[in-house]
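So the chains spell out like this:
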Amino acid sequence: MERRDTPLHKQQSTPCFGKEMPRLFQRLSMNEADEQVRLLAEKVYASALKEEDNKDALSLFNVPEDCPIGLHEDRERALHREMASLQSQESTKKKRSFRLKRSQSVSSQIPSDDNLVRSQLSPVLDSDATEPLAGEDFPDFQRVTISGDYCAGITVEDYEQAAKSLLGALFIREKYTRLAYHTFPRTTARFLRDAENGKWREEDEIMPDIWPCPREGEDPYSMEGIPEDLNYELQMKDGIVNVYDDAEALEQQRPHNLPYPDLETFTIDLSHVLAMIADGPTKTYCHRRLNFLASKFYLHEMMNEMAELKELKCVPHRDFYNVRKVDTHIHAAACMNQKHLLKFIKTTYQTEADRVVLEKGGEKFTLKEVFHKLNMDPYDLTVDSLDVHAGRQTFHRFDKFNSKYNPVGASELREIYLKSDNYIKGDYFARLVKEVSKELEESKYQHAEPRLSIYGRSPSEWDSLATWFIQHKVHSPNMRWMIQVPRIYDIFKSKKLFPNYAKMLQNIFLPLFEATVNPRKHKATHVFLKYVTGFDSVDDESKHSDHMFSYKSPKPETWTTDDNPPYTYYLFYMYANIMVLNNLRKERGLNTFQFRPHCGEAGSITHLVSAFLTADNISHGLNLKKSPVLQYLYYLAQVPIAMSPLSNNSLFLQYSKNPLREFLQKGLCVSLSTDDPMQFHYTKEALMEEYAIAAQLWKLSTCDLCEIARNSVLQSGLSHQEKKHFIGPNYLQDGPQGNDIRRTNVAQIRMAYRHETLCNELSFLVDAVKTDVATNAPE
């Protein structure tokens with residue numbers, strides 16, 4: 001990538017901020033985009049597709065990415081470039097400017113007794129750029145500071161290019177995040193405003209609108225006070241539901257004033273990030289900064305571990321067991337452990353053997369007849385014969401893993417016990433889920449966000465699921481609900497269930513828009529959506545797609561082949577519809593939804609680029625370790641990642657190689673989750689099992705575990721009011737000021753370290769932009 005002289009804020013479609021900001025999706029056309037960037041992005045995408053083609057052949061071997069000779073030659077070239085840059089007067093001038101700015105930064109970070117506040121402020125922000133902070137909120141501890149030429153090993157030009165690229169990517173994520181009512185970290189937002197010579201204001205912040213649980217005594221299924229019909233018209237256009245004020249507006253194609261994303265603009269923004277992850281100087285810079293972050297945390301831990309522990313010992317009542325933890329990634333159909341399911345099957349057989357539970361081929365079967373047909377007696381069943389636990393045979397075999405959802409390998413038992421839409425109207429499944437929720441309520445401090453499936457086969461799926469939820473009274477104060485959409489268009493298309501991909505999108509999203517526009521006609525769906533916090537996109541990421549996503553990709557109405565669309569295609573159209581829906585619901589005063597897809601578990605790293613733009617947070621994120629640029633971006637933007645090491649251990653990655661500990665040390669926002677307790681866990685408290693194994697294997701401290709637990713609450717779908725109650729009334733504030741140690745049991749020293757480190761990394765980027773502007777200004 002060649003360095004461009006275009007001002008940073010003009011390179012991408014960054015929205016304006018403040019109260020005057022129109023909630024519109026600013027469109028770009030390909031002739032405005034950098035053609036070289038687009039071509040490089042396509043090469044990255046093509047390379048990823050080629051890598052997927054060869055993954056089976058290479059999976060048995062550990063092939064080094066570069067040979068020793070190649071690495072030596074790279075170092076030689078880098079050394080020559082750096083020596084040449086030292087001779088340049090312009091480079092010398094810029095380095096002098098950088099050194100001056102960093103010397104000021106270092107001096108401002110050294111705490112003094114008379115001014116603890118200054119030590120916490122960002123080195124690049126003016127004194128009026130942040131709110132004054134109370135000195136006692138910032139503990140005194142041993143800090144690690146680096147003095148001297150921090151550009152060593154990288155030329156000034158490369159540093160500037162890397163900084164501009166990284167800031168540009170952050171601006172792009174901020175744009176997509178704000179338009180969809182997702183979360184964006186305050187610290188990063190402050191620095192982005194400073195890069196634009198602006199000022200961050202709290203009133204400009206946009207957050208998800210999630211409703212709190214009903215109070216004790218209130219009916220969670222009440223259908224009173226439902227909003228009236230808006231009489232809007234709806235139409236799906238280019239795969240995105242468009243809203244019109246009336247029939248006349250529909251006829252004239254004048255949509256309601258909402259942001260409507262378009263594929264071309266998204267591909268341009270995507271191309272900037274794709275091209276960046278293949279850029280040599282940017283990769284070098286990010287790799288060095290990530291190594292520094294890991295080393296810095298090692299030193300911090302060595303010098304401050306006892307001080308952190310001393311802080312925790314002084315906290316009354318609170319310890320790891322009674323801090324709030326949220327299982328942010330768990331599938332409802334596997335939310336119980338295998339022993340729980342076995343016991344439930346035996347109990348129902350003993351008490352309800354003569355109940356008609358299945359209809360197949362026009363014939364009805366009782367529970368006793370089903371087991372007789374399967375030639376088994378439930379009394380003889382064990383967890384081994386139930387065969388729902390994943391093991392060695394499922395490693396890199398997602399097809400075998402999916403079959404584990406069938407108890408004793410029988411799809412009939414899955415239909416009876418683990419489905420919400422069956423002959424018994426999901427009665428057994430509801431009872432199982434309610435037993436799990438009761439255990440969570442008894443534990444008090446554990447919460448879960450189970451995923452329920454909407455497949456897109458029919459628009460009636462939503463009404464059926466909502467009716468199941470209300471009739472069986474499944475609501476629990478310790479549960480929030482997510483909707484997962486499997487990426488299985490190819491299966492439905494092969495069965496000729498619909499003509500094109502647009503029909504699947506219509507079946508998924510149009511009922512939601514109808515329930516938003518006219519909730520009185522769709523009362524059950526309206527009530528159910530109060531407790532839905534987000535959407536997930538699920539399936540085997542390692543499945544290969546021959547289609548290369550680009551602005552030339554066919555629109556959903558013309559995607560008529562039997563081939564499955566690529567991962568990025570799925571994510572864009574899910575995000576686009578969720579974004580429009582969120583803006584419509586916010587306009588109506590209804591709750592909004594987050595987009596939280598499975599991402600980075602396997603497959604191409606381009607999946608993580610797509611999620612960086614579209615997702616509020618992701619599940620898994622293992623492949624971030626393959627790309628230093630993406631890993632550093634996820635750190636700078638504090639994108640939450642729900643990781644499931646026990647699940648990965650059975651499917652894609654050995655536990656000892658899991659990057660969770662590495663991500664935590666560097667400061668990425670990671671949490672622990674169970675994924676599928678039925679397949680991966682043995683104990684009654686699956687989430688505690690995850691924490692216990694991680695703590696033992698990686699020797700995590702109490703402060704580490706409580707930091708992970710706090711992260712899980714932050715990235716969860718709990719309401720603002722609940723988060724204030726669980727982790728502190730000021731949880732949105734930066735650094736230790738936003739931490740209530742009496743509720744989170746996370747040391748203030750740890751919070752101060754995380755905040756200062758993030759500010760330091762962001763300041764490097766803003767310094768480069770501001771220095772470049774200053775040195776290029778006419779004297």
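This is a predicted model, so every value here is computed, not measured. (Residues numbered from 1 in each chain as written. Predicted model: local features only at pLDDT ≥ 70, side-chain atom pairs only at ≥ 80, totals over all residues. Heavy atoms only, no water.)

Participant: In this structure, what is going on with the overall build of the chain? I would like to understand it.
Facilitator: Helix and strand counts for the chain come out as 30 helices and 13 strands. Counting every position in the chain, which comprises 779 residues, the buried fraction comes to 59%. Of the contacts formed within the chain by residues at least 6 apart in sequence, a portion of 76% connects residues at least 24 apart. Surface exposure of the chain reaches about 32800 Å², of which carbon and sulfur atoms provide 50%. (Helix = DSSP H or I, 4+ residues; strand = E, 2+ residues; numbered from the N terminus. Buried < 20%, exposed > 50% of the residue type's maximum accessible area, 1.4 Å probe, protein only. Contact = heavy atoms within 4.5 Å. Areas by Shrake-Rupley, 256 points an atom, 1.4 Å probe, with all protein chains shown as cover.)

Participant: Would you mind going over the sheet that holds strand β9 (residues 594–595) with me for this structure?
Facilitator: Across a sheet, strands are paired by hydrogen bonds formed along the backbone, either parallel or antiparallel in direction. Ordered by their spatial adjacency, five strands build an open sheet running β3-β6-β7-β8-β9, and the pairing between neighbours is parallel. The two strands at the open ends of the sheet, each matched to only one other strand, are β3 (325–331) and β9. Here strand β6 (residues 446–453) runs beside strand β7 (residues 481–486); their pairing, made up of three bridges, is parallel. What sits directly across from L452, in β7, is I483. Helix α26 (residues 686–698) contacts β3 and β6 of the sheet and is inclined by roughly 110 degrees relative to β3. (Pairing = 2+ DSSP bridges. Axes fitted to C-alpha atoms, helices over the stretch in contact; angles between N-to-C directions.)

Participant: Hey, could you run me through a negative patch on the surface in this one?
Facilitator: Residues E233, D245, D246, E248, E251 and E587 make up a contiguous surface patch of negative charge. On the basis of relative accessible area, E251 is assigned to the exposed category, the value being 71%. (Patch = residues over 30% accessible without salt bridge, like charges linked within 9 Å, V, L, I, M, F, W, Y side chains within 5 Å. Salt bridge = Lys/Arg side-chain N within 4 Å of Asp/Glu carboxyl O. Lys, Arg positive; Asp, Glu negative; His and termini not counted. Charge placed at Lys NZ, Arg CZ, Asp CG, Glu CD.)

Participant: In this structure, what is going on with the nonpolar core? I would like to understand it.
Facilitator: Across soluble globular proteins, you tend to see nonpolar side chains buried next to one another. One finds Y417 and Y634 to be the most contacted residues of the largest nonpolar core, which totals 185 residues. Residue contributions to this core peak at 14 residues, all from helix α20 (residues 567–588). Not counting chain neighbours up to four residues away, the residues in contact with Y417 comprise F344, I345, T348, L367, F371, Y428, F429 and L432. Among the nonpolar cores identified, the runner-up in size contains six residues, and V326, L718, I727 and Y731 belong to it. (Core = buried A, V, L, I, M, F, W, Y, C linked by side-chain atoms within 4.5 Å.)

Participant: Just to check I follow, could you spell out unusual backbone geometry for this structure?
Facilitator: Excluding glycine, residues mostly have negative phi values, and the peptide bonds linking residues are mostly trans. Even without being glycine, K425 reaches a positive phi, approximately 55 degrees. Tracing the backbone through its elements, the reader meets K425 in the loop between α14 (411–417) and α15 (427–443). The phi dihedral of D539 falls on the positive side, at around 155 degrees, and the residue is not glycine. With respect to the helices and strands, D539 occurs in the loop between β8 (532–538) and α20.

Participant: I tried to follow the pairing of β6 on my own but got confused; where do I start?
Facilitator: Within a regular strand, side chains alternate between the sheet's two faces. Among the eight residues of β6, seven are classified as buried, and the element is accordingly described as predominantly covered. In terms of handedness, the path from β6 via helix α16 (residues 461–471) over to β7 forms a crossover that is right-handed. (Right-handed = clockwise from strand over helix to strand, strands pointing away.)

Participant: Which parts of the structure should I look at to understand the pairing of strand β5 (residues 363–366)?
Facilitator: For strand β4 (residues 356–360) and β5, the ladder comprises four bridges, and the chain directions are antiparallel. Paired with E359 across the strands is K364, a residue of β5. Hairpin connection, β4 to β5: the antiparallel pair is bridged by two residues, and G361 has positive phi, about 60 degrees.

Participant: What should I look at first to understand the packing of helix α5 (residues 156–179) against helix α22 (residues 628–636) in this one?
Facilitator: Think of two packed helices as two axes; the pair is described by the angle between the axes and how far apart they sit. Contact geometry for α5 and α22: axes closest at 11 Å, N-to-C directions at 55 degrees. Compared by their axis directions, α5 and α22 come out oblique. Note that α5 runs across α22; the crossing there is right-handed. Contacts from L166, A169 and L170 of α5 reach α22 at V629, Y632, L633 and L636. Here the contact of α5 with α22 is built from residues that sort into seven nonpolar, no polar and no charged. (Parallel < 35°, antiparallel > 145°, perpendicular 65-115°, else oblique. Left-handed = near helix turned anticlockwise from the far one by under 90°. Nonpolar A, V, L, I, M, F, W, Y, C, P; charged D, E, K, R; others polar.)

Participant: Which parts of the structure should I look at to understand the sheet that holds strand β12 (residues 641–643)?
Facilitator: Spatially, four strands are ordered β10-β11-β12-β13 in an open sheet, and the strand pairing comes out parallel. Where the open sheet ends on each side, the last strands, each with one partner, are β10 (598–599) and β13 (670–672). Sheet topology places β10 next to strand β11 (residues 618–620); two bridges connect them, and they run parallel. The residue of β11 that forms the bridge with C599 is H620.

Participant: Honestly, the environment of A686 in this entry has me stumped. Any pointers?
Facilitator: For A686, the location among the structural elements is in helix α26. A686 gets classed as buried once you look at its relative accessible area, which sits at 11%. Here the alpha-carbon distance between A686 and M336, two residues 350 residues apart in the chain, equals 8.6 Å. Apart from the residues lying within four places of it in its own chain, the contact partners of A686 are T674, P677 and H681.

Participant: Which parts of the structure should I look at to understand the pattern of salt bridges?
Facilitator: Pairing between side chains becomes possible if they bear opposite charge and their charged atoms approach one another. Following the criterion strictly, the structure yields 30 salt bridges and no others. Note that D269 is salt-bridged to K175, the shortest N-O span being 2.6 Å. With D269 in helix α8 (residues 263–277) and K175 in helix α5, the pair connects residues that are 94 residues apart, well separated along the chain. The same class applies to D269 and to K175, which are both buried. Residues R355 and D427 are paired through a salt bridge, measuring 2.8 Å at the closest nitrogen-oxygen approach. Taken together, the residues span a long stretch of sequence, with R355 in the loop between α10 (338–352) and β4 and D427 in helix α15 at a distance of 72 residues. The buried category is assigned to D427, whose relative accessible area is 15%.

Participant: Sorry if this is basic, but what is going on with the confidence of the model for the chain here?
Facilitator: Low-pLDDT stretches of the model should not have their predicted coordinates read in fine detail. Averaged over all residues, the pLDDT of the chain is 84; the fraction at 70 or higher stands at 80%. The element-level mean pLDDT for the chain is lowest in helix α1 (residues 8–11), coming to 40, with β13 highest at 97. Note that pLDDT drops below 50 for residues 55–67; the model gives that stretch three contacts with residues more than four away or on any other chain. Predicted confidence is poor over residues 103–136, with pLDDT under 50, and the contacts of this stretch with residues over four places away or in other chains come to 45 contacts. (pLDDT = per-residue confidence, 0-100.)

Participant: What is the right way to read α26 from this model?
Facilitator: Every α-helix carries 3.6 residues per turn, so stepping three or four residues along brings you back to the same face. Between the first and last C-alpha of α26 there are 18 Å, a value that for 13 residues agrees with the 18 Å anticipated at 1.5 Å per step. Within α26, the full set of buried residues consists of A686, L687, M688, E689, E690, Y691, A694, A695 and W698. Of the residues one or two after α26, K699 is the one with positive phi, at around 55 degrees. (Expected span 1.5 Å × (residues − 1).)

Participant: Any chance you could explain the side chain of D262 here in plain terms?
Facilitator: The residue D262 is located in the loop between α7 (247–251) and α8 in this model. A polar atom in the side chain of D262 sits 2.6 Å from the side chain of T265. Beyond its immediate sequence surroundings of up to four residues, D262 is in contact with F25, R27 and F572. (Polar contact = N/O pair within 3.5 Å; in protein donor to acceptor, adjacent residues only side chain to side chain.)

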